[in-house]
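Close look at the chain arrangement
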Amino acid sequence: MKPLPKLKLERMRTKKIGVAVIGTGFWGKNHAKAYKEIESTNLIAICDKNADRAKIIADQFGVKAYTDSKQMLKNKEIEAVSVCTWSTVLANEALIALQAGRHVLVEKPMAADVKQAERLLKTAQNNGLHLTVGFLTRFIPGLQHIQHAIARKEIGELVCATAIRVTQWPERIGDVGVIKDTAIHDIDVMQYLTGENPTAVFAKTGNMKHRTFEDYAHVMLTYKDGKSAFIESNWLTPYKTRTLTVTGSDAIMKLDYMTQELLIEDAKAAVQPRFAIVEPLKLELQHFAECVTEKKKPLLTGIDGIKALKIAEAIIKSSAKNKVIKLE
Ligand SMILES: NC(=O)c1ccc[n+]([C@@H]2O[C@H](COP(=O)([O-])OP(=O)(O)OC[C@H]3O[C@@H](n4cnc5c(N)ncnc54)[C@H](O)[C@@H]3O)[C@@H](O)[C@H]2O)c1
C-alpha cells in the first residue's frame, strides 16, 4: 500500500480526542477498553477512588491512574470523559468534569434525581459542552430500523410496544432499584420510538429479594393518541431476556437485543433483515467522540436523560401511591 503523505497523517493524528474514564468497575473498564480500540480516541488516564482498582485498570491499558478526578482533570490533554461511577455518584463526578470544561458522557441513570440531572444540563449548556447519557441500546441497528419503520408507517399505525429486560442480578452496591438501573433503558427506547412523552404512567413494583430497592417492575405508559407501552424489568428471572415487540396496525416487529436479530411479520409473511452484529458501546463512544471533534449534533443529549429520569420517578411514585400518575 502507498504510504500516506506526512501532512495527511498529521491531520489524522490531530483528529484524535483525549479521553478519560471516571469509575472503572465492571462497566467503566469496558469504556476504557473501547476508547483504547477506537481510532478517533486517545485514552489518557483513568480514575477510580479504589486505588487498587485504579492501578490494575491503568496498568492494563497503559495509562495513568488517579483516585481523584479533580487531580486527573488538571491534565489539559483530556477533552472528554466517561463517568461510570455508582449511579448515585454519577452527577457529582459529571458536574466536576463539566465545571472543568470537559465534554461528558455520563452513564445511565445520569443522576440520582431530576434536579441533579437538570443542573448538569444547565452547566453543559452554559459552557458550550456536550453532555450525553449512556443509553447504548439506541446504537443497536435493529432498534434504529424499528424507529425508522415506525416513522415511515411501514407497520401501519403504532399500537403498542412491549419491552422485557429480566435476569437474575445480585444485590451489589444497591444504590438504585431496577427502574433507574434497568428499566430506564426501555423508558428511553419508548421515547426514541414514539418521539413523544407519555401522558400517564401506571406501575407495580416491589422487592422480592433485594433489601432496599425494588427488584421487579411492571409499567404501563400511555400516549395521547391511544398507543401504549409496557415495560417489564426484574433482577429475579433465572435467565436473561432482553426483547422488544412492536405492534403496528399492519405488522409486528420483534427484536432480540442479545442476538440483535429482528423479525418482521404480517398476515402473509415473515422477514428477517440482517445486520452486522455491532458492539453498541463502541458505536456510542465513537459517536460521542465524533460529536465533539466534528461539532456534530448528537443522537441523544442530557435532555433525553432528564426525560427518562422524570418518567422513572413517576413510575416509582405510581407504584408507591397505587395510582395513575399524569405527566405534562
Ligand atoms: N449503559 C449500560 O448498559 C450500563 C451497563 C452497566 C452499568 N452501567 C452504569 O455504569 C455505572 C457503573 O456500574 P458498574 O456496574 O460498573 O459499578 P461498579 O460498582 O462495578 O463500578 C463502579 C466503580 O466506580 C468507582 N467509584 C465510585 N465513586 C467514585 C468516584 N467518586 N470517583 C472515582 N471512582 C468512583 C468504584 O470504586 C467502582 O470501581 C452505573 O451507573 C451503571 O448504571 C451502564
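Residues numbered from 1 in each chain as written. Predicted model: local features only at pLDDT ≥ 70, side-chain atom pairs only at ≥ 80, totals over all residues. Heavy atoms only, no water.

This part is about the pairing of strand β10 (residues 228-234). Within β10, five of the seven residues are buried, leaving the element largely enclosed by the surrounding structure. As paired elements, strand β7 (residues 158-166) and β10 share seven bridges and run parallel to each other. Opposite Ala-163, over in β10, you have Ile-231 as the bridge partner. When strand β9 (residues 216-222) meets β10, the two strands line up antiparallel, connected through seven bridges. Residue Ala-217 lies in a different strand from β10, and its bridge partner there is Ser-233. (Buried < 20%, exposed > 50% of the residue type's maximum accessible area, 1.4 Å probe, protein only. Helix = DSSP H or I, 4+ residues; strand = E, 2+ residues; numbered from the N terminus. Pairing = 2+ DSSP bridges.)

Before going further, it helps to spend a moment on the packing of helix α7 (residues 141-151) against helix α8 (residues 178-194). Two numbers describe how α7 lies on α8: the axes approach to 8 Å, and their chain directions differ by 40 degrees. Within the contact between the two elements, α7 uses Leu-143, Gln-144, Ile-146, Gln-147 and Ile-150 and α8 uses Val-189, Tyr-192 and Leu-193. Across the contact of α7 with α8, the residue classes break down as six nonpolar, two polar and no charged. (Axes fitted to C-alpha atoms, helices over the stretch in contact; angles between N-to-C directions. Contact = heavy atoms within 4.5 Å. Nonpolar A, V, L, I, M, F, W, Y, C, P; charged D, E, K, R; others polar.)

Now for the sheet that holds strand β8 (residues 200-206). Read from one edge of the open sheet, nine strands run β14-β13-β12-β11-β7-β10-β9-β8-β15, paired in mixed fashion. Of all strands in the sheet, those bounded by a partner on one side alone are β14 (270-271) and β15 (325-326). When strand β11 (residues 241-248) meets strand β12 (residues 252-256), the two strands line up antiparallel, connected through five bridges. For Leu-244, the partnering residue across the bridge sits in β12 and is Leu-255. Sheet strands touched by α7: β7, β11, β12 and β13 (261-265). Its angle to β12, the strand with the most contacts, is close to 165 degrees. Strand contacts of helix α10 (residues 302-321): β8, β9 and β15, with the helix running at about 65 degrees to β8, the strand carrying the most contacts.

Here we take up the environment of Lys-122. Note that Lys-122 resides in helix α6 (residues 114-126). Judged by relative accessible area, Lys-122 falls into the exposed class, the value being 56%. Sequence separation between Lys-122 and Gly-302 is 180 residues, and the spatial gap between their C-alpha atoms is 9.4 Å.

This part is about helix α9 (residues 280-293). Between its first and last C-alpha atoms α9 spans 20 Å; for 14 residues at 1.5 Å apiece the expected length is 20 Å, and the two agree. Listed as buried for α9 are Pro-280, Leu-281, Glu-284, Leu-285, His-287, Phe-288, Ala-289, Cys-291 and Val-292. Next to the buried residues of α9 lie β1 (17-22), α2 (28-37), β2 (41-47), β4 (80-83), β5 (103-106) and β6 (131-133). Of the residues flanking the end of α9, it is Lys-295, one or two places downstream, whose phi is positive at about 50 degrees. (Expected span 1.5 Å × (residues − 1).)

Right, let's get into a nonpolar patch on the surface. On the surface, a cluster of nonpolar side chains totalling about 300 Å² of accessible area is made up of Phe-202, Met-220, Phe-230 and Val-324. By secondary structure assignment, the location of Phe-230 is in strand β10. Phe-230 gets classed as partly exposed once you look at its relative accessible area, which sits at 31%. (Patch = residues over 30% accessible without salt bridge, like charges linked within 9 Å, V, L, I, M, F, W, Y side chains within 5 Å. Areas by Shrake-Rupley, 256 points an atom, 1.4 Å probe, with all protein chains shown as cover. Salt bridge = Lys/Arg side-chain N within 4 Å of Asp/Glu carboxyl O.)

As a further point, take the pattern of salt bridges. Side chains bearing opposite charge may pair, as long as their charged atoms lie close to each other. Per the counting criterion, the structure on display carries 16 salt bridges. Residues Glu-313 and Lys-180 are paired through a salt bridge, measuring 3.4 Å at the closest nitrogen-oxygen approach. In this pair, Glu-313 is assigned in helix α10 and Lys-180 in helix α8, connecting sequence segments 133 residues apart. The partly exposed category is assigned to Glu-313, whose relative accessible area is 28%. For Glu-196, the salt bridge identified is with Lys-227, shortest N-O distance 2.7 Å.

By the element assignment, Lys-282 lies in helix α9. As for Lys-282 and Tyr-35, which are separated by 247 residues in sequence, their C-alpha atoms are 7.7 Å apart. In contact with Lys-282, other than residues within four places in its own chain, are Ala-34, Glu-37 and Ile-38.

Where two aromatic rings form a pair, the distance of their centres and the angle of their planes describe that pair. Counted under the stated rule, the structure contains two aromatic pairs. For the pair Phe-26 and Trp-27, a centre-to-centre distance of 6.0 Å together with 35 degrees between the ring planes defines the contact as tilted. The class of Trp-27 is partly exposed, set by a relative accessible area of 28%. Here a set of aromatic residues connected by ring pairs shows up, and it is made of Phe-26, Trp-27 and Trp-169. Looking at Arg-165, its charged tip hangs above the ring of Tyr-257, at a distance of 5.1 Å from the centre. (Phe/Tyr/Trp six-rings, centres within 6.5 Å; stacked < 30°, edge-to-face > 60°. Lys NZ or Arg CZ within 6 Å of the ring centre and 35° of its normal.)

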